[in-house]
Number of protein chains: 2
Amino acid sequence: MTGEHSRKLPGEGRRRVVVEAVRPELEGGRFPVKRVVGEPLAVRADVFGDGHDRVGGVLRYRKAGREGWEEEALTPLGNDRWEARFVPEEVGRYEYGVVAWADRFATWQEDVRKKAAAGQEVAVDLRMGAALVAAAASRARGTPDGKRLEDLSRELEGASDPAIAAALALGEELTRLATRWPDRSLATEYGRTLPLVVDPPLAGFSSWYEFFPRSCGEGPHGTLRDAERLLPEVARMGFDVVYLPPFHPIGESCRKGRNNSPRAEPGDPGSPWAVGSRRGGHRAVHPELGTLGDYEGFVAAAGKLGMQVALDLAFQCSPDHPYVSKHPAWFRWRPDGTLQHAENPPKKYEDIVPLDFETPEWGPLWEELLGVVLFWVERGVTVFRVDNPHTKPFAFWEWLIREVKGEHPEVVFLSEAFTRPTVMQRLAKVGFTQSYTYFTWRNTKAELTEYLTELTRTELREHFRPNFWPNTPDILPEYLQYGGRTAFAARLVLAATLSSNYGIYGPAFELCVAEAVPGKEEYLDSEKYEVKRWERDRPGSLAPLVGRVNRIRRENPALHSTWNLRFHEADNDNVLFYGKTSEDGSNALLIAVNLDPFQSQTCNVRVPLAELGIAPGRPYLMHDLLGEDRFLWQGEWNRLELDPRVLPARIFRVHSRLRREEDFDYFL
Amino acid sequence: MTGEHSRKLPGEGRRRVVVEAVRPELEGGRFPVKRVVGEPLAVRADVFGDGHDRVGGVLRYRKAGREGWEEEALTPLGNDRWEARFVPEEVGRYEYGVVAWADRFATWQEDVRKKAAAGQEVAVDLRMGAALVAAAASRARGTPDGKRLEDLSRELEGASDPAIAAALALGEELTRLATRWPDRSLATEYGRTLPLVVDPPLAGFSSWYEFFPRSCGEGPHGTLRDAERLLPEVARMGFDVVYLPPFHPIGESCRKGRNNSPRAEPGDPGSPWAVGSRRGGHRAVHPELGTLGDYEGFVAAAGKLGMQVALDLAFQCSPDHPYVSKHPAWFRWRPDGTLQHAENPPKKYEDIVPLDFETPEWGPLWEELLGVVLFWVERGVTVFRVDNPHTKPFAFWEWLIREVKGEHPEVVFLSEAFTRPTVMQRLAKVGFTQSYTYFTWRNTKAELTEYLTELTRTELREHFRPNFWPNTPDILPEYLQYGGRTAFAARLVLAATLSSNYGIYGPAFELCVAEAVPGKEEYLDSEKYEVKRWERDRPGSLAPLVGRVNRIRRENPALHSTWNLRFHEADNDNVLFYGKTSEDGSNALLIAVNLDPFQSQTCNVRVPLAELGIAPGRPYLMHDLLGEDRFLWQGEWNRLELDPRVLPARIFRVHSRLRREEDFDYFL
């Protein structure tokens, strides 16, 4: 060796095992992946060493901030891929990583096994093994394992009959004890500790109902108290989240009139999203709706019915918002001295002025907005539907959500962004608990299959939790405009069974309101700009169907997850056929939806017998929970008719085992 | 805002643009990607902001260790994906990253354009623009651009005719100048600086010829001087890398006899991979082969013929290696006091003892092995074929290769690992320049298509450079055993045209030696254990074909890359049809290989007319460079016959434009 080539060596060059390709991992650990309480996190990694040495390893994890690690042993999946899983039991942040090592004991055992099988001499090998076992004994010193390993080492060392010694070397007891005390002195830790956010169960399974409290009254303007009286009806429909549009004072300057007219007529109530007037801003209640006390009463009443109230976080202002005079630096001012209103040229939103997140005073602005969220959290709100989050900086959301969830890990944030995929996904990465999706515009079998496959079978599922909405106050999709009541029913079943989180904007939804601004996907006479009088008991209301669907959701654990979705074959492009099975396999559903709102469709569907554990020759019961029909099917392919005049969908619970003679009491 | 919620804010919360999904990126920048000198690196990233602001950005890069950055502007690919590229001109390490920002000027221009088109008032907007342009002018102060931007700002500010002002605002000059001086004060830097290793051209395009010098003589044992006399013949065959198995002293203890017999007979030369005897170790030359001076002469003679010499780096020892007595701690000793020889139970390799990389003295061991490499680098060796690198720690290779290439960036390391995918890929990640592959066992159309697609169309291509070997001294594949001379010819063409790096073990290859140990893929009477006398001039030698193939490789830039491979349709599963086109499009090849060594195959092949720029109705010339035949084809589908009794392959150069009357001198 030439002296001039004396280089810097690593601190320890003997860590021979590699840990790589750890999944899930979001941008190298920059962002957390997501689970809900009780939902397992399965972690996989490529683990291997040089040469033919056996390797061992663990997944380690802990609640963030705690000392020490919990560990689960990795098990091999083949091809150097390993897996371990754990079930987080608390809300909040966790961290996890992978540690692995060369397992000299297992390597030695394998060598002895092969040599013995080939009739080769193993006496010296057994002495080497005795040394390995003695080392394990010293690691286990002070425990019963240590004592026993010492004995086993001596037995190996002293065994005179090679056959007996070999049997001892490969025996179950030695394997178990030595595996429990591996030599981890040269273990490799995966280079990054990865974050996980664990959310409350509601984050993974929720049914949302959005409505305008001002349309709930008998007089010209409903109140929060009127809305409260409606809560039992919402609960009867089976929802668990009640979501109200902003209930703050509405601006008067540039207030929009009916149908988004640039000029309000006297008496026009304005858009609730034009937040703030001289009566207050984001911490105040619109006087015509009631008081802060009324709102607290509303939240409490919903809670008694098992429902949470979602607050609409619309971080924008009407020109009358108190912020404008108190914090002029938080807004953009034009050279002519006027306030820059919201616009997306050539469209203008004169009733709204955006906050300027590029202001040098961004710090106080962020603090104030965090203060708004915490103000409502302190008043019992744990669910926030965030309006247009994609028009505020990602860094702001990342900070705000982390601050809130640091103290209140149970809080849920739903991202209302209908924009480009990169942006919607980034919002999910920076911390939003749930996200609006493109479901609203996915109608055909090909569209739904492709989109749901992307949502559920790619890495997106690790951080992007879909919440499916067939309609919103902003969007009346063409499919609903043209498809009539059947279209609403089909979209309801799709939203509620494809995704474990879904919501509707009512009563427009259950009353099948379908009149749009011509050529657009906007409601004609939109509730955003006027008080409505809904005829809730109108014949033909889908409220009973909504109630039935939500009851089915609640009673069937298979529908409590989005990730267990599997598409199955149906030989008709108008019929979507798919299934969900609960984690423990006890609850299996097969769902068929006729996507054609106009005509009856028949088709053959292929039942995944093996997955469902159905023996090929045996009949099985298909119990349609929606129509309460029962069918006996057998074999893979079965015939189905879905008539939109009756019901465009069936939600079958599969009973794979029918009773037979041997189940009859007197059979034996 | 409640005082108790005053939290830590980020240092700067106004960096609104996101840079993510930068590719290529290997394990978050942990390992470098690879290019050769002159090969462009195209970098892509998702770049976007909140809201509807336009964004701008650059790819920045530099030679590692240099100050400052070179920059290339990102251009949009759609869907928030952006790209820029640069061409590295020097060997060595580079680093690169992405920087992006909200482009307020472009956003403003777009708004003005839309408002003007909608007939809206833009006077105040123009004044806002004037301020943006004035800011750009101040960034450009002291340059001619600065002066001109100042003028333009004043013109915008003062323009009285709105139409003229709008034209000025959207004009080419202002756009160009303002784009050159963007506001980068709130720019976002991608979180990681990513490494790139740039290798010499040989790393990307090389033809290797392996042979045993001891089989080159007239007497019982050839020498390096005998081998030197053979070099002109190797050069005539068109190779540029000459690779010799280890030429160090061969151990005598436990030396292997012919056909891997555990006992050598007197006169048996032993395996060259049993390195080291009392005559020296990895820095010495086997006395029967010659002297260190002879080796230096061999390297120099090869250099004069335009060939580099690859040294076989076999980091293992015979029991007689000087290391054993000098550094006993570098080996494993069994409890009975014997040296642990190499084994993969039940297989034993008694002539070899492995180095123990878990020795506490691993530091001096690493230093010594680095010293060995540098010893040979100092003697003119720049190419190393590394024997069984997967039996030494990855960390060791990462350190060694980085140390060597830090001072000698032109050095090439070829990884001879035929093992599991994770291991082979990790070796490429830690620094190996080229890698042996599974090509040796990929014979059918489906196998070749799938494997080459994986190698060339996935992220593997960023770090794993294949080197295709149809045979090696260790492997005589069944396809060659049974397929006869035609099989050798087909595999030669496949290796040499699918991959830009390939090699053969000769003369066994060109003489079509096909006798194997029964039931195995090993050569019978293997040259590893005996001196051979090759009848190089034997009729039927493929040497002329090898020479022709290598000349075609050299003359056709399309074959200088592996990454430009595209498979095309052929309606016969025995025919593989594929193409390669040079970066500038001037050199286009289409290659057809009959994979059935026994029968003539005809088929229709589909020519990718559009990709080749051939007008549908026009004829084109297919010039078979292998058989020197010429065909006039037209249209997409054409018929082809490949008769193994003539040649199992055709390498067509496509001449897409044939001369017509307008090209004739007198036409005009």
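Residues numbered from 1 in each chain as written. Chains lettered and ligands numbered in written order. Predicted model: local features only at pLDDT ≥ 70, side-chain atom pairs only at ≥ 80, totals over all residues. Heavy atoms only, no water.

## Side note on the overall build of chain A
Tallying secondary structure elements over chain A gives 16 helices and 27 strands in all. Overall, the C-alpha framework of chain A stretches about 105 × 80 × 45 Å when taken along its three principal axes. Restricting the contact set of chain A to residue pairs at least 6 apart, pairs at least 24 apart contribute 75%. Looking at chain A as shown, the accessible area adds up to about 27,400 Å², and 50% of this sits on carbon and sulfur atoms. Here chain A carries 86 positive and 98 negative side-chain charges, and the mean point of each set is 1 Å from the other. (Helix = DSSP H or I, 4+ residues; strand = E, 2+ residues; numbered from the N terminus. Contact = heavy atoms within 4.5 Å. Areas by Shrake-Rupley, 256 points an atom, 1.4 Å probe, with all protein chains shown as cover. Lys, Arg positive; Asp, Glu negative; His and termini not counted. Charge placed at Lys NZ, Arg CZ, Asp CG, Glu CD.)

## Observations regarding the packing of aromatic side chains
Two aromatic rings are characterised by how far apart their centres lie and by the angle between their planes. Summed over the entire model, instances satisfying the criterion amount to 74 aromatic pairs over all chains. Note on A:Phe212 and A:Trp273: the rings are 6.1 Å apart at their centroids and 75° apart in plane angle, and the pair reads as edge-to-face. In this pair, A:Phe212 is assigned in the loop between strand E11 (206-210) and helix H7 (224-236) and A:Trp273 in the loop between strand E12 (241-244) and helix H8 (292-304), connecting sequence segments 61 residues apart. A:Trp273 matches A:Phe212 in its accessibility class, with the two residues each being buried. Taking 5.2 Å as the distance between ring centres and 90° as the angle between the ring planes, the aromatic pair formed by B:Phe247 and B:Trp376 counts as edge-to-face. With a gap of 129 residues between them, B:Phe247 in the loop between strand E12 (241-244) and helix H8 (292-304) and B:Trp376 in helix H10 (residues 362-377) connect regions that are remote in the sequence. Overall, the relative accessible area of 1% leaves B:Phe247 in the buried class. B:Trp376 sits in the buried class, given a relative accessible area of 0%. A cation over a ring is seen here: A:Arg491 above A:Phe439, with NZ or CZ 4.0 Å from the ring centre. Between B:Arg442 and the ring centre of B:Tyr451, over which it is positioned, the NZ or CZ distance is 5.1 Å. (Phe/Tyr/Trp six-rings, centres within 6.5 Å; stacked < 30°, edge-to-face > 60°. Buried < 20%, exposed > 50% of the residue type's maximum accessible area, 1.4 Å probe, protein only. Lys NZ or Arg CZ within 6 Å of the ring centre and 35° of its normal.)

## Regarding the sheet that holds strand E17 (residues 412-416) of chain A
Residue and element names in this part refer to chain A. Strand order in the open sheet formed by seven strands is E18-E17-E16-E13-E12-E11-E19, with parallel pairing between adjacent strands. Of all strands in the sheet, those with a lone pairing partner are strand E18 (434-435) and strand E19 (501-505), marking the two edges. Here four bridges tie strand E13 (residues 308-313) to strand E16 (residues 383-387), and the two strands are oriented parallel to one another. Residue Ala310 lies in a different strand from E16, and its bridge partner there is Val383. (Pairing = 2+ DSSP bridges.)

## Comments concerning the relation of the copies chain B and chain A
Rotating chain B by 180° about the axis while translating it 0.0 Å along that axis superimposes it on chain A, leaving an RMSD of 0.1 Å. Taken together, these values place the two copies in the relation of a two-fold axis. Minimal C-alpha separation from the rotation axis in chain B is found for B:Gly28, amounting to 3.1 Å. Residue by residue, 99% of the interface of chain B is reproduced at the interface of chain A, so both copies engage with the same surface. (Least-squares fit on C-alpha atoms with pLDDT ≥ 70 in both.)

## So, the interface of chain B and chain A
Facing the 74 residues of chain B at the interface are 74 residues of chain A. Across the chain B to chain A interface the summed buried area is about 6,800 Å²; carbon plus sulfur atoms make up 54%. In this structure, the connection of chain B to chain A is made through 14 salt bridges. Among the salt bridges present, the one from A:Glu20 reaches B:Lys429, with a minimum N-O distance of 3.1 Å. For the side of chain B that touches chain A, the class distribution of residues is 23 nonpolar, 17 polar and 34 charged. (Buried area = accessible area lost by both parts, 1.4 Å probe. Salt bridge = Lys/Arg side-chain N within 4 Å of Asp/Glu carboxyl O. Nonpolar A, V, L, I, M, F, W, Y, C, P; charged D, E, K, R; others polar.)

## Description of helix H15 (residues 543-555) of chain B
Helical periodicity: at 3.6 residues per turn, an α-helix aligns residues three or four positions apart in one direction. All names here are of chain B. The terminal C-alpha atoms of H15 lie 18 Å apart, and with 13 residues this matches the ideal 18 Å at 1.5 Å per residue to within 8%. Buried residues of H15: Leu545, Val546, Gly547, Val549, Asn550, Ile552 and Arg553, and no others. Tucked into the core, H15 has its buried residues touching strand E11 (206-210), helix H7 (224-236), helix H14 (478-498), strand E19 (501-505) and strand E27 (649-655). (Expected span 1.5 Å × (residues − 1).)

## Focus on the sheet that holds E12(B)
The strands making up a sheet are joined through hydrogen bonds of the backbone, oriented either antiparallel or parallel. Residue and element names in this part refer to chain B. With parallel pairing, seven strands are arranged side by side in an open sheet as E18-E17-E16-E13-E12-E11-E19. Of all strands in the sheet, those with a lone pairing partner are strand E18 (434-435) and E19, marking the two edges. As defined by bridge partners, strand E17 (residues 412-416) adjoins E18 across two bridges and the pair is classed as parallel. By the bridge assignment for E18, Leu414 is matched with Gln434. Across the face of the sheet, H8 comes into contact with E12 and strand E13 (308-313) while running at roughly 135° to E13. (Axes fitted to C-alpha atoms, helices over the stretch in contact; angles between N-to-C directions.)

## Examining the pattern of salt bridges
Where charged atoms of side chains with opposite charge meet at close range, the side chains can pair. All names here are of chain B. What the rule picks out here adds up to 118 salt bridges over all chains. Between Lys429 and Glu27 there is a salt bridge; the shortest N-O distance is 2.7 Å. Of this pair, Lys429 sits in helix H12 (residues 421-430) while Glu27 sits in the loop between strand E1 (17-23) and strand E2 (33-36); the two residues are 402 residues apart in sequence, bridging distant segments of the chain. On the basis of relative accessible area, Lys429 is assigned to the buried category, the value being 9%.

## Focus on the side chain of A:Glu358
Its place among the elements puts A:Glu358 in the loop between strand E15 (347-349) and helix H10 (362-377). A relative accessible area of 13% places A:Glu358 in the buried class. With near-sequence residues (within four places) excluded, A:Glu358 lies in contact with A:Arg332, B:Arg14, B:Arg16, B:Arg104 and B:Leu186.

## What about the pairing of strand E22 (residues 588-594) of chain A?
All names here are of chain A. In terms of residue burial, E22 counts as a mostly covered element, since seven of its seven residues are buried. Taken together, the seven bridges between strand E21 (residues 575-581) and E22 define a ladder with antiparallel strand orientation. Considered in E22, the bridge of Lys580 is made with Leu589. What sits between E21 and E22 in their antiparallel hairpin is a turn of six residues, with Gly585 showing a positive phi close to 80°. Inspection of the sheet shows E22 paired to strand E27 (residues 649-655) by five bridges, in the antiparallel sense. The residue of E27 that forms the bridge with Val593 is Ala649.

## Details of unusual backbone geometry
For the bond from A:Arg23 to A:Pro24, the omega torsion is 0°, close enough to zero to count as cis. Examined against the element boundaries, A:Pro24 turns out to sit in the loop between strand E1 (17-23) and strand E2 (33-36). In the Ramachandran plot, A:Glu27 falls in the positive-phi region, its phi being about 50° despite a non-glycine side chain. A positive phi angle is found at B:Glu628, which is not glycine, with a value near 55°. Along the polypeptide, B:Glu628 turns up in the loop between strand E24 (619-624) and strand E25 (629-634).

## Concerning the packing of helix H11 (residues 394-407) of chain A against helix H12 (residues 421-430) of chain A
When two helices pack together, their arrangement is captured by the angle between the axes and the distance separating the axes. Residue and element names in this part refer to chain A. At a minimum axis separation of 9 Å, H11 and H12 run at an interaxial angle of 30°. By the criterion of interaxial angle, the relationship of H11 to H12 is roughly parallel. When the axes of H11 and H12 are compared, the crossing they make is right-handed. Across the interface between the two elements, Phe394, Trp397 and Glu398 of H11 pack against Val423, Arg426, Leu427 and Val430 of H12. (Parallel < 35°, antiparallel > 145°, perpendicular 65-115°, else oblique. Left-handed = near helix turned anticlockwise from the far one by under 90°.)

## Thoughts on the confidence of the model for chain A
Note that predicted coordinates carrying low pLDDT should not be read in detail. Residue and element names in this part refer to chain A. Taken over all residues, the pLDDT of chain A has a mean of 95, while the share at 70 or more is 99%. When the criterion is pLDDT under 50, residues 1-6 qualifies, and its contacts beyond four places in sequence or with other chains add up to eleven contacts. With a pTM of 0.95, the predicted complex shows an ipTM of 0.94. (pLDDT = per-residue confidence, 0-100.)

## Regarding the environment of B:Val299
All names here are of chain B. On the secondary structure map, Val299 appears in helix H8. Residues Val299 and Glu641, spaced 342 residues apart in sequence, show a C-alpha to C-alpha distance of 44 Å. Once residues within four sequence positions are removed from consideration, Val299 is found in contact with Val309, Arg379 and Gly380.

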